[in-house]
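Given next are the chains, with one letter for each unit.
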Amino acid sequence: MNELMTPGLLQSIFPDENAIPENYRLDQPVEQREYLIDGELRTWTGPLNPVLSPVFVRKEGELTQKILGSTPLLTSKESLEALDAAVRAYDLGHGMWPTLSVTERIEHVERFLKDMRSKRDEVVRLLMWEIGKTLKDSEKEFDRTCDYISDTIKAYKELDRNSAKLIEDQGFMAQIRRVPLGVSLCMGPYNYPLNETFTTLIPALIMGNTVVFKPAKYGVLLVRPLLEAFRTNFPAGVINIIYGRGRETVGALMESGKIDVFAFIGTNKGANDLKRLHPKPHRLKAILGLDAKNPAIVLPDADLNNAVAECITGSLSFNGQRCTALKILLVHKSILDEFIARFNDGVKKLRPGMPWENGVSLTPLPEPGKVEYLQGLVDDAKAHGATIVNENGGERFQTFFYPAVLCPVNEKMRLYYEEQFGPVVPIVPFEDDEEAIRYVVNSNYGQQVSIFGEDSKRVARLMDAFVNQVGRINLNTQSQRGPDTFPFNGRKDSAEGTLSVSDALRVFSIRTLVATRDNESNKQMLARIIRNRESAFLSTDYIL
């Protein structure tokens, strides 16, 4: 047993302030008053929202929650000023940004990426402190985000190269290109406040849209080091960054009817509530990454070494706070006892601790009230017949919740349906494959499913049962988003639209064409326009 988890020692998980390595300390709270509107870093003089870390520290024997700083509590007035700046910059598609050449927009994004890379250490440190993400995963999130931007640039070049030609068909000549949609509102989640936010923000920008960006509710200070890079590398009004309570700021944006694209990663309830505020919903393009209850189905002939390892990682990486996490495990009764024994052995090897410590897997939870919510799920499951089957399962202290593995879980329990988004692992024993099929079919969510087994006919039958239920089927591996070149989507209440490097460019744009009859006069006119570079749209330039 991990020493930290012996009876009575859970409270020692939080460090003495003097024991925190100097490289990772945040000695002074960051009072952020800057926000970005119309190319100007404005200073907020109104009330601030305190930013608390999930990490508690001991100072002179007293345990207190670390205060990281504060961010502006802007109002609807400032959010509408940001919107007006984005509307002016877009100018019904006639603004400088949407009419720039592809090469010029790429140059702006490349300069931003260069400046962003210089802020790596600062952003990584804030990721650890704000959301409790381990040092390794925080570095991975930053680097993956930079790679995503680079891959987006490459994909945009390829997309434009494929458009740099005239098509001749049925007596017509045409050029088809992708153009922006308008003003975008981009909002990301707290669990990947950098990466998942930028997977919508960067494609929106590079395709020529203007953006109002509201950082996640938690993981908000980490945007501050990038404000100057946004300001200096994009024209005024192209990117505007606001802070504050969603109901005060975002609600006003949607009610204005001036938002053309809504990119949101969060809950389906939150997305529905915001979409309803838009007065012209038919004109609102939505790209949504929402809830998920991804099941793993472990068949009798599964390679248990692999299945257990993948299910542990899939259900407990970053404490299970991933939309792609495995949220429920359906395990065949014939291997249930052995699976649980091996799973619990694996959980015991996960080291609890602080984000900056080497080898740590389990960290404090950033969302206020999360520990109490998880406890409520556990209590409900126990009341309906489930048992905590792992040693120390569900032990809690302040913001830390040790993983609880529960079995048998059934349809009477909230855990059967609700996305726990935390370190609680429900196990459902099943005997007939139809039980597993019914679970997926009847679920309100349809992001992913993982199947573990070796019998090809049995796996194929399950696979075919799920292809019209979920966005991705994983065979003998955990559910996940990557690689970023793969489509990332979902069905039912799990998503709207598809994201990947290339798909994101498409969802933030629309195909438009210029066409004419194929005759000599029209050919000569098109040739003059192209040769003399008289149009930003009509061009046969080939980007290398």
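Our structure's up above, just so we're on the same page.
Numbering of residues starts from 1 in every chain and runs along the sequence as written. Only residues with pLDDT of at least 70 are given local features in this predicted model, and only at 80 or more are side-chain atom pairs given and counted; all residues enter the totals for whole chains, interfaces and linings. No hydrogens and no water enter the side-chain calculation; it runs on all heavy atoms of the structure.

## Overview of the overall build of the protein
Point 1. When helices and strands are tallied, the protein shows 17 helices and 27 strands.
Point 2. The C-alpha radius of gyration computed for the protein amounts to 25 Å, which stays within 12% of the reference 24 Å derived for 544 residues, consistent with globular compactness.
Point 3. With respect to the three principal axes, the spread of C-alpha positions in the protein is 85 × 60 × 40 Å.
Point 4. Throughout, exposure labels follow a simple rule: accessible area from a 1.4 Å probe, protein chains only, divided by the maximum for the residue type, with under 20% read as buried, over 50% as exposed, and the rest as partly exposed. Relative to its 544 residues, the protein shows a buried fraction of 55%.
Point 5. We call two residues in contact when some of their heavy atoms are within 4.5 Å. Looking at the protein alone, contacts between residues at least 24 apart form 73% of all its contacts between residues at least 6 apart.
Point 6. Areas reported as accessible are Shrake-Rupley estimates using a 1.4 Å probe. Residue values count occlusion only from the protein chains shown. Of the accessible surface of the protein, which amounts to about 23100 Å², a share of 47% is contributed by carbon and sulfur atoms.
Point 7. If you average the places of the 66 positive and of the 71 negative side-chain charges in the protein, the two averages end up 4 Å apart. By definition, any uninterrupted DSSP run of H or I lasting at least four residues is a helix, any uninterrupted run of E lasting at least two residues is a strand, and each is numbered from the N terminus. Computation of the radius of gyration draws on C-alpha atoms alone. For the globule rule, the value is 2.2 Å times the number of residues to the power 0.38. Under the convention used here, Asp and Glu are negative, Lys and Arg are positive, and both His and the chain ends fall outside the count. Note that the charge is assigned to NZ on lysines, CZ on arginines, CG on aspartates and CD on glutamates.

## Here's the deal with the packing of helix α1 (residues 76-90) against helix α8 (residues 246-255)
Point 1. Interaxial distance between α1 and α8 falls to 8 Å at its minimum, and their mutual angle equals 40 degrees. On the basis of the axis angle, α1 is oblique to α8. In the packing of α1 onto α8, the handedness of the crossing is right-handed. Between α1 and α8, the contacting residues are S76, S79, L80 and L83 on the first element and E248, T249, A252 and L253 on the second. Axis definition: a line fit to C-alpha positions, over the contact stretch in the case of helices; interaxial angles, taken between N-to-C directions, run 0 to 180 degrees. Roughly parallel covers angles under 35 degrees, roughly antiparallel covers those over 145, roughly perpendicular covers 65 to 115, and oblique covers all other angles. Note on convention: the crossing is left-handed when the near helix lies turned anticlockwise from the far helix by less than a right angle, right-handed when the turn is clockwise.

## A word on the pairing of strand β12 (residues 285-289)
Point 1. Across the five residues of β12, four count as buried, placing the element largely inside the fold.
Point 2. Pairing of strand β11 (residues 261-265) with β12, which is carried by five bridges, proceeds in the parallel orientation. In the strand pairing of β12, I265 is matched with G289.
Point 3. Crossovers are described as right-handed under a simple rule: with the strands pointing away from the observer, the path leading from the first strand over the helix to the second runs clockwise. Regarding the hand of the β-α-β motif, the stretch spanning β11, helix α9 (residues 268-277) and β12 is right-handed. Strands qualify as paired when DSSP identifies two bridges or more between them.

## Focus: the layout of surface pockets
Point 1. Cavities and pockets were defined on a 1 Å grid built from protein atoms only: a cavity is a group of points that admits a 1.4 Å probe but offers it no way out, a pocket is an open group of points flanked by protein on both sides within 12 Å along at least five of seven lines, and a lining residue is one with an atom within 4 Å of any such point. Grid points are joined across faces, edges and corners, and a volume is the space filled by probe spheres set on the points. In this structure, the second largest pocket encloses a volume near 880 Å³.
Point 2. Lining the second largest pocket are 33 residues; nearest its centre among them are D137, K140, Y192, T313 and S317.
Point 3. Contributions of two or more residues to the lining of the second largest pocket are made by α5 (135-163), α6 (195-206), α10 (304-316) and β16 (360-362).
Point 4. Side-chain classes follow a simple rule in which Ala, Val, Leu, Ile, Met, Phe, Trp, Tyr, Cys and Pro form the nonpolar group, Asp, Glu, Lys and Arg form the charged group, and the remainder, Gly included, forms the polar group. The class makeup of the residues in the lining of the second largest pocket is 11 nonpolar, 12 polar and 10 charged.

## A few points about the sheet that holds strand β6 (residues 167-169)
Point 1. The three strands lie next to each other as β6-β7-β27, forming an open sheet whose pairing is antiparallel. Edge positions in the sheet fall to β6 and β27 (509-517), since each has one partner strand and no second. Across the sheet, the mean angle from the axis of one strand to that of its neighbour is 35 degrees, orientation sign disregarded.
Point 2. The pairing of β6 with strand β7 (residues 172-180) spans three bridges and is antiparallel. Paired with I167 across the strands is A174, a residue of β7.

## Looking at the pattern of salt bridges
Point 1. Throughout this description, the term salt bridge denotes a Lys or Arg side-chain nitrogen within 4 Å of a carboxyl oxygen of Asp or Glu. Overall, the coordinates contain 30 salt bridges when judged by the stated rule.
Point 2. We note a salt bridge from R342 to E338, for which the minimum N-O separation is 2.6 Å. Of this pair, R342 and E338 both sit in helix α11 (residues 336-348), four residues apart, which is roughly one turn of the helix.
Point 3. Accessibility expressed as a relative area gives 39% for E338, which makes it partly exposed.
Point 4. We note a salt bridge from R461 to E434, for which the minimum N-O separation is 2.3 Å. Here R461 is found in helix α15 (residues 456-466), whereas its partner E434 is found in helix α14 (residues 433-442), with 27 residues between them in sequence.
Point 5. Overall, R461 belongs to the partly exposed group, its relative accessible area being 43%.

## Concerning the side chain of T399
Point 1. For T399, the position within the fold is in the loop between β18 (396-397) and β19 (400-401).
Point 2. Looking at T399, the relative accessible area reads 13%, which means it is buried.
Point 3. Every residue in contact with T399, bar those within four places of it in the chain, is listed here: F14, P54, F56, Q65, P364, L365 and V371.

## Concerning the packing of α10 against α11
Point 1. Running from N to C, α10 and α11 point in directions that differ by 50 degrees, and their axes come no closer than 10 Å. Considering the angle they form, α10 stands oblique to α11. Read as a crossing pair, α10 and α11 show a hand that is right-handed. Contact residues: L304, N305, A307, V308, C311, I312, S315 and L316 in α10; E338, F339, R342, F343, G346 and V347 in α11.
Point 2. For the contact of α10 with α11, the class distribution of residues is nine nonpolar, three polar and two charged.

## Some remarks on empty space enclosed by the protein
Point 1. Considering all chains together, one arrives at three cavities of 30 Å³ or more under this definition.
Point 2. Taken as a whole, the largest cavity encloses approximately 110 Å³ of empty space.
Point 3. Lining the largest cavity are 16 residues, with L288, G289, F488, A495 and L499 positioned closest to its centre.
Point 4. Broken down by secondary-structure element, the contributors of at least two residues to the lining of the largest cavity are β12 and β26 (495-496).
Point 5. Taken together, the residues of the lining of the largest cavity sort by class into eight nonpolar, five polar and three charged.
Point 6. Roughly 60 Å³ of volume is contained in the second largest cavity.

## Section: the sheet that holds strand β1 (residues 30-31)
Point 1. An order of β1-β5-β4 is seen for the three strands of this open sheet, with the pairing classed as mixed. A single partner strand is all that each edge strand has here, and the edge strands are β1 and β4 (48-59).
Point 2. In this structure, β1 lies alongside strand β5 (residues 62-72), joined through two bridges in parallel fashion. Among the inter-strand pairings, E31 is bridged to a residue of β5, identified as S70.
Point 3. Where helix α4 (residues 120-131) meets the sheet, it contacts β4 and β5, and its direction lies at approximately 80 degrees from that of β4.

## Some thoughts on the environment of G246
Point 1. The topology assignment puts G246 in helix α8.
Point 2. As for G246 and I265, which are separated by 19 residues in sequence, their C-alpha atoms are 14 Å apart.
Point 3. Setting aside residues no more than four positions away along its own chain, G246 makes contact with K214 and G251.

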